[in-house]
Amino acid sequence: MVNKKVSIIGVGNVGSTLAYALANKGICSSIVLKDIRENIVQAMALDISQSANAAKSHTVVKAAKDGKDLENSDVVVITAGIPRKPGMSRDDLLLTNAKIMQSVIEDVKTYASNAIVIVVSNPLDAMVYTALKTSGFSSNQIVGMAGILDSARMSHFILEKVGFGAGQIESSVMGGHGDDMVPLPNYSTVAGVAITEILSKEEITEIVEKTKNGGLQIVKLLETGSAYYAPAHATSLMVEAILNNQKKIYPCSVYLNGEYGYKDIVTGVPVMLGSKGVEKIFELELNEMQKSLFDNSVKSVQTLVDVLEEKFF
Ligand SMILES: NC(=O)C1=CN([C@@H]2O[C@H](COP(=O)(O)OP(=O)(O)OC[C@H]3O[C@@H](n4cnc5c(N)ncnc54)[C@H](O)[C@@H]3O)[C@@H](O)[C@H]2O)C=CC1
Ligand SMILES: O=C([O-])CC(=O)C(=O)O
């Protein structure tokens, strides 16, 4: 039995779906759920624990009474914060969610300072930055979830377009998790065949645009919040890679210290995830056009970081 503990702070749509996936899979021995909605978090803990028992999983699920219950966490996932509604961009969540991030990271600092922290709250890259600056943790210890989700969306739209290769599509998306993320068609394949060989330029442009708007499409349809099944699954892959020291390579949002020519900024790039968190950052060869799109995406994150620096740090 694996003796590993995962704590999830923020047990709304994404947090509860993640807890449900992890508990039923049995990839950790203990899950602690923490939220300001006390009755809801207790209900979630009971319901998910009962699900784990139905699944004959060894994972024990509990609601936290206070920050102390985060002690000995191997991984802490933060999904606390408000989601956007139709008419909003992720960036509109900046000030509200930065305040929430600052308050929850204090508990992590006090009770789980050795944990690897996965941030999910939006605007993602700016929230990773907030978590890093507030905690003072090292940059390998805090990592944001977005690239796996955006790449999965791109794979979905490629499948929709080509009509074959389900389960065999690999896609790549870099940059910040905002309106100007950078899908990379030349690093995207169906069973190893580059999509640039299968699809026309116009078809690829359509896939790129749909990928960038993938979150918004769901927000418009849901009306009350944003996507959670794919985000939760993407996060569960990161949790698993860290707990089991899998050294898997995933696109994640991380602090750059010179990589890609940037310092003191957070954005999405391919990294290796293992028990130490971000164990390596890979620098892909980008063509001129991709480099300029990546620069543009980093600039957008920098604009948010400038606001945070002025108001919070
Ligand atoms: N990085 C990504 O790709 C994605 C990011 N998100 C973001 O994740 C966040 C959560 O999304 P949902 O789960 O759909 O929202 P939700 O509203 O269903 O859940 C958020 C939860 O956070 C809790 N919360 C608020 N303040 C808290 C605090 N101080 N301590 C503990 N818990 C607190 C709320 O009570 C609520 O249960 C949003 O900011 C959303 O934009 C969502 C999907 C994908
Ligand atoms: O769209 C949103 O606001 C939530 C999110 O980040 C996503 O689903 O990509």
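Just so it is clear, the structure is predicted and the values come from calculations on it, not from any experiment. Along each chain, residues carry numbers from 1 onward, in the same order as the chain's sequence is written. Chain labels run from A onward and ligand labels from 1 onward, assigned in the order the entries are written. Local features in this predicted model are restricted to residues whose pLDDT is 70 or higher, and side-chain atom pairs enter the listing and the counts only when it is 80 or higher, whereas totals over whole chains, interfaces and linings include all residues. The basis for every side-chain value is the complete set of heavy atoms in the structure, and neither hydrogens nor water enter the calculation.

### Structural notes on the packing of aromatic side chains
Put simply, the rule reads: Pairing of aromatic rings covers Phe, Tyr and the six-membered ring of Trp, with a centre-to-centre limit of 6.5 Å; geometry is then stacked below 30 degrees between planes, edge-to-face above 60, and tilted otherwise.
Under the defined criterion, the tally for this structure stands at 5 aromatic pairs. Ring plane angle 35 degrees and centroid distance 4.9 Å describe the contact between Tyr 228 and Tyr 229, whose orientation is recorded as tilted.

### Topic: the UniProt feature "domain: Lactate/malate dehydrogenase C-terminal" (unreviewed entry) in the protein
To be explicit about the condition: UniProt positions are given in the numbering used here, feature names are shortened, and annotations may be inferred rather than shown by experiment. Runs of H or I in DSSP of at least four residues are treated as helices and runs of E of at least two as strands, each being numbered from the N terminus.
According to UniProt, the positions carrying the feature "domain: Lactate/malate dehydrogenase C-terminal" (unreviewed entry) are residues 149-302. In this annotation, residues 149-302 is assigned 45% helix and 24% strand; the end-to-end C-alpha distance for the span is 22 Å.

### Quick look at the domain arrangement of the protein
Formally: Start and end positions for the domains come from either an automated domain assignment or a database one. Should any heavy atoms of two residues lie within 4.5 Å, those residues are considered in contact. Reported buried area values correspond to the accessible surface (1.4 Å probe) lost by two parts on association, with both partners' losses combined. For salt bridges, the criterion is a side-chain nitrogen of Lys or Arg within 4 Å of an Asp or Glu carboxyl oxygen.
Under the domain assignment used here, the protein contains domain 1 (5-144) and domain 2 (147-308). With centres defined by C-alpha atoms, the gap from domain 1 to domain 2 works out at 22 Å. Across the boundary between the two partners, domain 1 contributes 39 residues, which contact 44 residues of domain 2. Across the domain 1 to domain 2 interface the summed buried area is about 3500 Å²; carbon plus sulfur atoms make up 70%. If you sort the residues of domain 1 by the area they bury against domain 2, Arg 90, Asp 125 and Tyr 129 come out on top, with a joint share of 19%. Between domain 1 and domain 2 we count 2 salt bridges in total. For Lys 25, the salt bridge is made with Glu 240, and the minimal N-O distance between the two is 3.0 Å.

### Some remarks on the UniProt feature "domain: Lactate/malate dehydrogenase N-terminal" (unreviewed entry) in the protein
Mapped onto this numbering, the UniProt entry annotates "domain: Lactate/malate dehydrogenase N-terminal" (unreviewed entry) at residues 5-144. Spanning residues 5-144, this segment combines 43% helix with 18% strand, and its end C-alpha atoms are found 19 Å apart.

### So, the environment of Leu 93
Assignment of secondary structure puts Leu 93 in the loop between β4 (75-78) and α3 (94-111). Along the primary structure Leu 93 and Pro 123 are separated by 30 residues, whereas in three dimensions their C-alpha atoms are 6.4 Å apart. The contacts of Leu 93, once residues within four sequence positions are left out, are Ile 82, Pro 83, Arg 84, Met 88, Ala 98, Asn 122 and Pro 123.

### Looking at the pairing of strand β1 (residues 5-9)
This is how it is decided: Here the term buried applies to any residue with accessible area under 20% of the maximum for its type, exposed to any over 50%, and partly exposed to those in between, with areas from a 1.4 Å probe on protein chains only. When DSSP finds at least two bridges between two strands, those strands are taken to pair. Here a crossover is taken to be right-handed if, once the strands point away from the viewer, the path from the first strand over the helix to the second is traced clockwise.
By the criterion of burial, β1 is predominantly enclosed, with 5 of the 5 residues buried. Side-chain alternation along β1 places Lys 5, Ser 7 and Ile 9 on one buried face and Val 6 and Ile 8 on a second face that is also buried. Both β1 and strand β2 (residues 30-34) contribute to a ladder of 5 bridges, which runs parallel. Opposite Lys 5, over in β2, you have Ser 30 as the bridge partner. With helix α1 (residues 13-25) bridging β1 and the parallel β2, this β-α-β connection has right-handed handedness. With 4 bridges connecting them, β1 and β4 associate as parallel partners. Bridging from a neighbouring strand, Val 6 pairs with Val 75 of β4.

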